[in-house]
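Survey of secondary and tertiary structure
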Amino acid sequence: MTTLYQLTDFGVLRVAGSGNLALLQGQLTADVSAIAKEGQLAAHCLPNGRIISLFYLTQIEADFYCILPHDLLPIAQKALLKYAPFFKATLTDVSADWFVYGAVQPIKVPAAATISLPHQQAQLLLSNTSLPSASDTQNTWHAIEMRAGIARLSAATSGLFLPHELRLPQLN
C-alpha cells in the first residue's frame, strides 16, 4: 500500500532565466546538467565549504526547482541571488503555487516532478494540484528521510556542516 504525505513544511524556490543551468552548476554540489526530471539532493556551500542550504533539486521544462524547508528558503534565495545577475537568472519563492508530497512506495499520480530518495522505496513529489494525503505527515516523513540518511538543515543549522559530515557523497 502506498501512503502519500503532504509536506507543508517544505517551500519551493524557482530558478529561471537563460543562465539558470550555468548559475546552479557553478554553485551547487550536484551535477545540474544531469538532473533532468528525476532530480536529486544538492547543497550550496560557503567558500569555506560549509553548507548554506541542502535541498532537493529538480527540473521542469527550462526552470529548476529547489525544494527545501520554509525557514531555509530565504537564506538559500539570498545566497544564490548574489550571483544570479551575472547569469541572467531569477530566483522566486513559488511555494504558494506548488504542493510537496512524500510517497512511501513508488506511486503513479499527476506530479510535475519526482525525486527518489537514496536507498529507500520513497519519493518526493512536486505537484501543482492537491492530492489526497495521510494525516500524520511531517514526523513520519522526517523519519523516512532519516532512514535514508538525509539530514534536514534549518535556518539555525545553516553554515554549520561540511558535505562529508552529512554523508552527501555517499547519497549521490
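Refer to the structure printed above.
Counting restarts for each chain: residues are numbered from 1 in the order of the written sequence. In keeping with the model being predicted, local features are shown solely for residues with a pLDDT of at least 70 and side-chain atom pairs are shown and tallied solely at 80 or more, while totals for entire chains, interfaces and linings include all residues. Computation of side-chain values: all heavy atoms of the structure, hydrogens and water removed.

With a 1 Å grid laid over protein atoms only, a set of points is called a cavity when a 1.4 Å probe fits there but cannot get out and a pocket when it is open yet has protein on both sides within 12 Å along at least five of seven lines; lining residues have an atom within 4 Å of a point. Grid points are joined across faces, edges and corners, and a volume is the space filled by probe spheres set on the points. Taken as a whole and judged by the stated rule, the model has one cavity of 30 Å³ or more. The space that makes up the largest cavity amounts to roughly 70 Å³. Lining the largest cavity are 13 residues, and of these Leu-54, Tyr-56, Glu-145, Ala-151 and Arg-152 lie nearest its centre. In DSSP terms, a helix is any run of H or I states spanning at least four residues, a strand is any run of E spanning at least two, and both are numbered starting from the N terminus. The set of elements that each furnish at least two residues to the lining of the largest cavity consists of β4 (51-60) and β5 (63-69). Here the residues of the lining of the largest cavity are counted per class, giving eleven nonpolar, no polar and two charged. Under the scheme applied here, ten amino acids are nonpolar (Ala, Val, Leu, Ile, Met, Phe, Trp, Tyr, Cys and Pro), four are charged (Asp, Glu, Lys and Arg), and all others, including Gly, are polar.

Let us look at the sheet that holds strand β1 (residues 4-6). By this definition, two strands are paired if DSSP reports at least two bridges between them. Here we have four strands laid out as an open sheet, ordered β1-β7-β9-β8, and antiparallel in their pairing. Two strands in the sheet have a free side with no partner beyond their single neighbour: β1 and β8 (113-116). Across the sheet, the mean angle separating the axes of adjacent strands is 25° when strand polarity is ignored. Taken together, the three bridges between β1 and strand β7 (residues 99-103) define a ladder with antiparallel strand orientation. Across the sheet, residue Tyr-5 finds its bridge partner in β7, namely Gly-102. Angles shown run from 0 to 180 degrees and are taken between the N-to-C directions of axes, each axis being a line fitted to C-alpha atoms and, for helices, limited to the stretch in contact.

Time to look at helix α1 (residues 20-27). Relative accessibility under 20% of the residue-type maximum defines a buried residue, over 50% an exposed one, and the middle range a partly exposed one, all with a 1.4 Å probe and only protein chains included. Of the residues making up α1, those classed as buried are Asn-20, Leu-23 and Leu-24. Looking straight down α1, one finds its buried side chains confined to an arc of 90°; they lie on one side. Every residue pair with non-hydrogen atoms within 4.5 Å of one another is taken to be in contact. Close packing links the buried residues of α1 with β2 (10-17), β4, β5, α2 (73-81) and β6 (89-93). Arc definition: directions from the helix axis to the C-beta atoms.

For the rest of this paragraph, the subject is the environment of Leu-162. Structurally, Leu-162 can be placed in the loop between α3 (138-147) and α4 (168-171). Each C-alpha atom, one on Leu-162 and one on Ala-34, is 23 Å from the other, the two residues being 128 residues apart in sequence. Ignoring anything within four residues of it in the chain, the contact list for Leu-162 reads Asn-48, Gly-49, Arg-50 and Ile-51.

To qualify as a nonpolar core, a set must consist of buried Ala, Val, Leu, Ile, Met, Phe, Trp, Tyr and Cys residues joined through side-chain atoms within 4.5 Å. Grouped together as the largest cluster of nonpolar side chains are 51 residues, with contacts concentrated most on Tyr-56, Leu-57, Leu-117, Leu-124, Leu-126 and Trp-141. With six residues, the top contributor of residues to this core is β4. Judged by nonpolar contacts, the second largest core, of six residues, contains Tyr-101, Ala-103, Leu-125 and Leu-131.

In this structure, Glu-61 is a non-glycine residue whose phi angle is positive, near 55°. Among the structural elements, Glu-61 can be located in the loop between β4 and β5. A relative accessible area of 74% places Glu-61 in the exposed class. Although it is not a glycine, Arg-167 sits at a positive phi angle of roughly 60°. Within the fold, Arg-167 resides in the loop between α3 and α4. Using a relative accessible area of 42% as the deciding quantity, one classes Arg-167 as partly exposed.

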